[in-house]
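# Architecture at a glance
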Amino acid sequence: MNSTPDATTAALEARAITLAYDRNIIFEGLDLRIEHGQVTTLIGANGSGKSTLLRAFGRLIAPSAGTVEIDGESMRSLSAKEVARRLSILPQKPLTPSATSVRDLISRGRHPHQSLWRPWRPEDSLAVDAALEATGLVELADREAGSLSGGQLQRAWVALVLTQQTPTILLDEPTTFLDLSHQLEVLRLVRSINREQGSTVVMVLHDLTLAGRYSDRLVVVGGGRVIADGAPWEVLTAETLREAFDLEAMVIPDPHTGSPMVVPIDAAELSEPPVYSRSLG
Ligand SMILES: Nc1ncnc2c1ncn2[C@@H]1O[C@H](COP(=O)(O)OP(=O)(O)OP(=O)(O)O)[C@@H](O)[C@H]1O
């Protein structure tokens, strides 16, 4: 790994940033620290600015005011190649190149590691093989990427990000298009990379229960600010869900993992007594 984190430097830090599209201001003067070695997940309603924030952390968009730092250094002061060595990002809608095999697509993840003096090495092939294996794509390695199903392609993008082996990984909705079993597989993989390699992960997820299960920290955004920030049990409360999502919900412990499970309540059903009491009564 390239970075040498210390206790006081954040992996990523937004300092008083303003993010806007023309005159549409999404965040103004926002501060947010992302700690080294944690899985942090951004949650919030549609259009609340999660992807915008992630893109700013990935230097895909520049703040119109304030700074974004990586390991204590301003992103602006670093070359594109240096940023690519430190972080990888899976954007929300990556464009699939045509006439590219799955293996070639994933191999692109090794480009930041190469230079004139550092051509393709056996370890690059090993990293690609490991990512194919980890994402269950070995049998599809020679298929054209454009011919994959939505879920298979999503796993190929996740594999591409993983082969980069950067200290920080940003994932915008990595479970889109995936069936539940593959969602679990991808999130388990992301967490194992975090635990085993100490990578810092920042993701955007829509499934609140999975976010709570696989994250160390949740950051809820809405109305141009951070509504709540903390460990999953601190953040996933009925009050926060009401404020952030306009949602009535119960939060109960998952019987298997003990992590918070969000059970949405349909407002139309609120007038009815719970099914349990109906069947008992
Ligand atoms: N490229 C863009 N140009 C103009 N406006 C944009 C652009 N991208 C996002 N927006 C607007 O910025 C706001 C925040 O969008 P963003 O995609 O960050 O939200 P989000 O929380 O990730 O949403 P979702 O959950 O629907 O993916 C929205 O109002 C959106 O319409």
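Just above sits the structure.
Reference entry: report on the structure contained in this document. (Residues numbered from 1 in each chain as written. Predicted model: local features only at pLDDT ≥ 70, side-chain atom pairs only at ≥ 80, totals over all residues. Heavy atoms only, no water.)

Turning to the layout of surface pockets, a few remarks are in order. As a volume, the second largest pocket reaches approximately 200 Å³. Along the wall of the second largest pocket there are 15 residues; nearest its centre are A130, L162, Q165, I193 and Q197. Of all elements in the fold, only helix 4 (122-134), helix 5 (150-163) and helix 6 (180-197) reach the threshold of two or more residues within the lining of the second largest pocket. Looking at the lining of the second largest pocket, its residues break down into eight nonpolar, six polar and one charged. (1 Å grid on protein atoms, 1.4 Å probe; cavity = no way out; pocket = protein on both sides within 12 Å on 5 of 7 lines; lining within 4 Å. Points joined across faces, edges and corners; volume = space filled by probe spheres on them. Helix = DSSP H or I, 4+ residues; strand = E, 2+ residues; numbered from the N terminus. Nonpolar A, V, L, I, M, F, W, Y, C, P; charged D, E, K, R; others polar.)

Looking now at the pattern of salt bridges. For the structure on display, the rule yields 14 salt bridges. The salt bridge partner of R85 is E82, with a shortest N-O separation of 3.2 Å. Residue R85 and its partner E82 are located together in helix 2 (residues 80-86), separated by three residues, close to a single helical turn. A relative accessible area of 30% places R85 in the partly exposed class. D129 is paired through a salt bridge with R103; the nearest N and O atoms lie 3.0 Å apart. (Salt bridge = Lys/Arg side-chain N within 4 Å of Asp/Glu carboxyl O. Buried < 20%, exposed > 50% of the residue type's maximum accessible area, 1.4 Å probe, protein only.)

Time to look at the site of the ligand. Around the ligand, 14 residues are found, and the nearest of them are G47, G49, K50, S51 and T52. A distance of 2.5 Å separates an oxygen atom of the ligand from a polar atom in the side chain of T52. Take H206: an N or O atom from its side chain is 3.2 Å from an oxygen atom of the ligand. Surface burial for the ligand is 62%, taken as the share of its 630 Å² of free accessible area covered by protein chains. Looking at the shell around the ligand, the element that brings in the most residues is helix 1 (residues 50-57), giving four residues. Taken together, the residues that form the shell around the ligand break down as three nonpolar, eight polar and three charged. (Near = heavy atom within 4 Å. Polar contact = N/O pair within 3.5 Å; in protein donor to acceptor, adjacent residues only side chain to side chain. Areas by Shrake-Rupley, 256 points an atom, 1.4 Å probe, with all protein chains shown as cover.)

Its location among the elements puts V251 in strand 11 (residues 248-253). In this structure V251 comes out as partly exposed when scored by relative accessible area, which is 22%. It is 22 Å that separates the C-alpha atoms of V251 and T175, two residues lying 76 residues apart in sequence. Apart from the residues within four sequence positions on either side, V251 is in contact with W233, L236, T237, A238, L241, P260 and M261. (Contact = heavy atoms within 4.5 Å.)

Reading across from one edge, 2-1-4-5 is the order of the four strands in this open sheet, with antiparallel pairing throughout. Pairing within the sheet leaves two strands with one partner each, and these edge strands are strand 2 (24-34) and strand 5 (73-74). Examined bridge by bridge, strand 1 (residues 12-21) and strand 4 (residues 65-70) share five bridges and lie antiparallel to one another. Across the sheet, residue L12 finds its bridge partner in strand 4, namely I70. (Pairing = 2+ DSSP bridges.)

Two pairing modes exist for strands in a sheet, parallel and antiparallel, and in both the strands are linked by backbone hydrogen bonds. Taken in spatial order, the six strands of this open sheet run 6-7-8-3-9-10, and their pairing is mixed. The open sheet has two edge strands, strand 6 (87-90) and strand 10 (225-230), and neither has a second partner. Neighbour-to-neighbour, the strand axes of this sheet turn through a mean angle of 15°, independent of strand direction. Relative to strand 8 (residues 200-204), strand 3 (residues 39-43) runs parallel, the two being bridged by four bridges. Looking at strand 8, one finds that V39 is bridged to V201. In the packing of helix 6 onto the sheet, the strands contacted are strand 3, strand 7 (168-172) and strand 8, and the crossing angle to strand 8 comes to about 155°. Where helix 9 (residues 238-245) meets the sheet, its contacts fall on strand 3, strand 9 (217-222) and strand 10, and the angle it forms with strand 10 comes to roughly 155°. (Axes fitted to C-alpha atoms, helices over the stretch in contact; angles between N-to-C directions.)

The next subject is the nonpolar core. One finds I106, L137, L171 and M203 to be the most contacted residues of the largest nonpolar core, which totals 47 residues. Among the elements that make up this core, the one with the highest residue count is helix 5 (eight residues). In this structure L171 touches L54, L90, V161, V190, V201, V202, M203 and V204, once residues within four positions along its chain are discounted. With 26 residues, the next largest nonpolar core counts I17, L53, V68 and I70 among its residues. (Core = buried A, V, L, I, M, F, W, Y, C linked by side-chain atoms within 4.5 Å.)

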